[in-house]
Amino acid sequence: MVLSDLLVVDFTRYLPGPFASRELLRRGARVVRVEPPDGDPLRAVAPGWDAALNAGKESVVWDLEHDPGFGPALCQQADVVLDGFRPGVADRLGIGPQDVPATVVYCSVTGFGAGDLRAGHDLNYLGWAGVLADTAPALPPVQVADLAGGSLFAVVEILAALLDRERTGRGAQLTISMTHNAHRLASHRLQGEPEMILTGALACYRIYETGDGRYLTVTAVESKFWKRLCELLGRPELTDRHYDEDQESLAAELAAIFRTRPLADWLELFDGEDVMAGPVATLAEGAARFGETPTTALSPRLGEHTEQWRAELASFEG
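Residues numbered from 1 in each chain as written. Predicted model: local features only at pLDDT ≥ 70, side-chain atom pairs only at ≥ 80, totals over all residues. Heavy atoms only, no water.

Describe the overall build of the protein, with residues and values.
Counting its secondary structure elements, the protein contains 13 helices and nine strands. Projected onto its principal axes, the C-alpha positions of the protein cover 80 × 40 × 35 Å. For the protein, the residues scored as buried account for 39% of the 318 residues in total. For the protein, long-range pairs separated by at least 24 residues make up 69% of all intrachain contacts whose partners lie at least 6 apart in sequence. Total accessible area on the protein is roughly 16,900 Å²; 56% of this is exposed by carbon and sulfur atoms. Distance between charge centroids for the protein: 1 Å, based on 28 positive and 46 negative side chains. (Helix = DSSP H or I, 4+ residues; strand = E, 2+ residues; numbered from the N terminus. Buried < 20%, exposed > 50% of the residue type's maximum accessible area, 1.4 Å probe, protein only. Contact = heavy atoms within 4.5 Å. Areas by Shrake-Rupley, 256 points an atom, 1.4 Å probe, with all protein chains shown as cover. Lys, Arg positive; Asp, Glu negative; His and termini not counted. Charge placed at Lys NZ, Arg CZ, Asp CG, Glu CD.)

Quick one: what's the story with the side chain of R33, residue by residue and with numbers?
Relative to the helices and strands, R33 is located in strand β2 (residues 30–35). At 3.5 Å, the side chain of R33 forms a polar contact with the side chain of D10. A distance of 3.0 Å separates polar atoms of two side chains, one belonging to R33 and the other to D40. Contacts of R33, omitting those with residues within four sequence positions, involve D10, T12, R13, P18, D40, D50, N54, K57, E58, S59 and V60. (Polar contact = N/O pair within 3.5 Å; in protein donor to acceptor, adjacent residues only side chain to side chain.)

Kindly report on the pattern of salt bridges, identifying the contributing residues and their values.
As enumerated under the stated definition, the model contains 25 salt bridges in all. As a salt-bridge pair, E292 and R26 come within 2.7 Å of each other at their nearest N and O atoms. Of this pair, E292 sits in the loop between α12 (283–290) and α13 (306–317) while R26 sits in helix α1 (residues 16–26), and the two are 266 residues apart along the sequence. For E292, a relative accessible area of 59% puts it in the exposed group. Counted as one network, the salt bridges with shared partners bring together R22, E23, R26, R27 and E292. (Salt bridge = Lys/Arg side-chain N within 4 Å of Asp/Glu carboxyl O.)

Run through the sheet that holds strand β8 (residues 215–219), naming residues and quoting values.
If you walk across this open sheet you meet the three strands as β7-β8-β9, and the pairing is antiparallel. Looking at strand neighbours, the two that pair on one side only are β7 (205–209) and β9 (277–279), the edges of this open sheet. The average undirected angle you get between the axes of adjacent strands in this sheet is 25°. With five bridges joining them, β7 and β8 adopt antiparallel strand pairing. By the bridge assignment, Y205 is partnered in β8 with T219. In the packing of helix α11 (residues 263–270) onto the sheet, contacts are made with β8 and β9, and the angle to β8 comes to roughly 35°. (Pairing = 2+ DSSP bridges. Axes fitted to C-alpha atoms, helices over the stretch in contact; angles between N-to-C directions.)

Take a look at the structure:
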């Protein structure tokens, strides 16, 4: 595995940091989650999520009041340190970037960037970033700022820093801003193109209800796919209205057509055809077709590896 023999010490909570360290684990790293005595709040708030994010990791409890040196000692052995605290907190705990060896890749996953103390969650970051403007008040079904702006950008930067460390022997200090990166995900839309072409402005790029109350995605923005869709719908005369100014009338006609048959009928009609249409599958349906084989690794009990790590740290000191 590409990251085998590397130790990741993860001080983060909730979703972005644990998702990032899970991706590093999948690539071979050893991941130790450092939790307070009452555990990561996700254990209580969403135990299923906690299990999915932390299977195969190790859990140690850091009781700051009774053993303030335990967390810093773990950092001394790390290749990567992940922190999700507000700016300044890690420094006060003795686990900030200046407290770790120069070879460590230290990554802070923040809401708004270095020095910004504002609190927030995914929806706040997306709102500040301008990502929600076209579709508000609808909520996104996935935590885009947390997972893409936070977790995946963190993994990219960490891997790049580890690669550079191979060349220079030096670690790095990384600050990930979920709000800044969420904006980066959408900022290409500012460059002279109509902003809403993929967020509801076009009838050919929408979600339509079918006759059984399910939904169908249609994304026929290219002429050849739109033409074939209209033919299969038995409405070839709609072809010339692809980019008419009045998109709402066209969308209303498509909506009426798609409500005449259940989803399975439409999927059967489109199967093997050169059209861009598909189901709004449930998560269970998506998992059955595209999901990974469930891991057999178990999520660690809170503090399960604490004593093991105390022994390891003692051996390093000896």
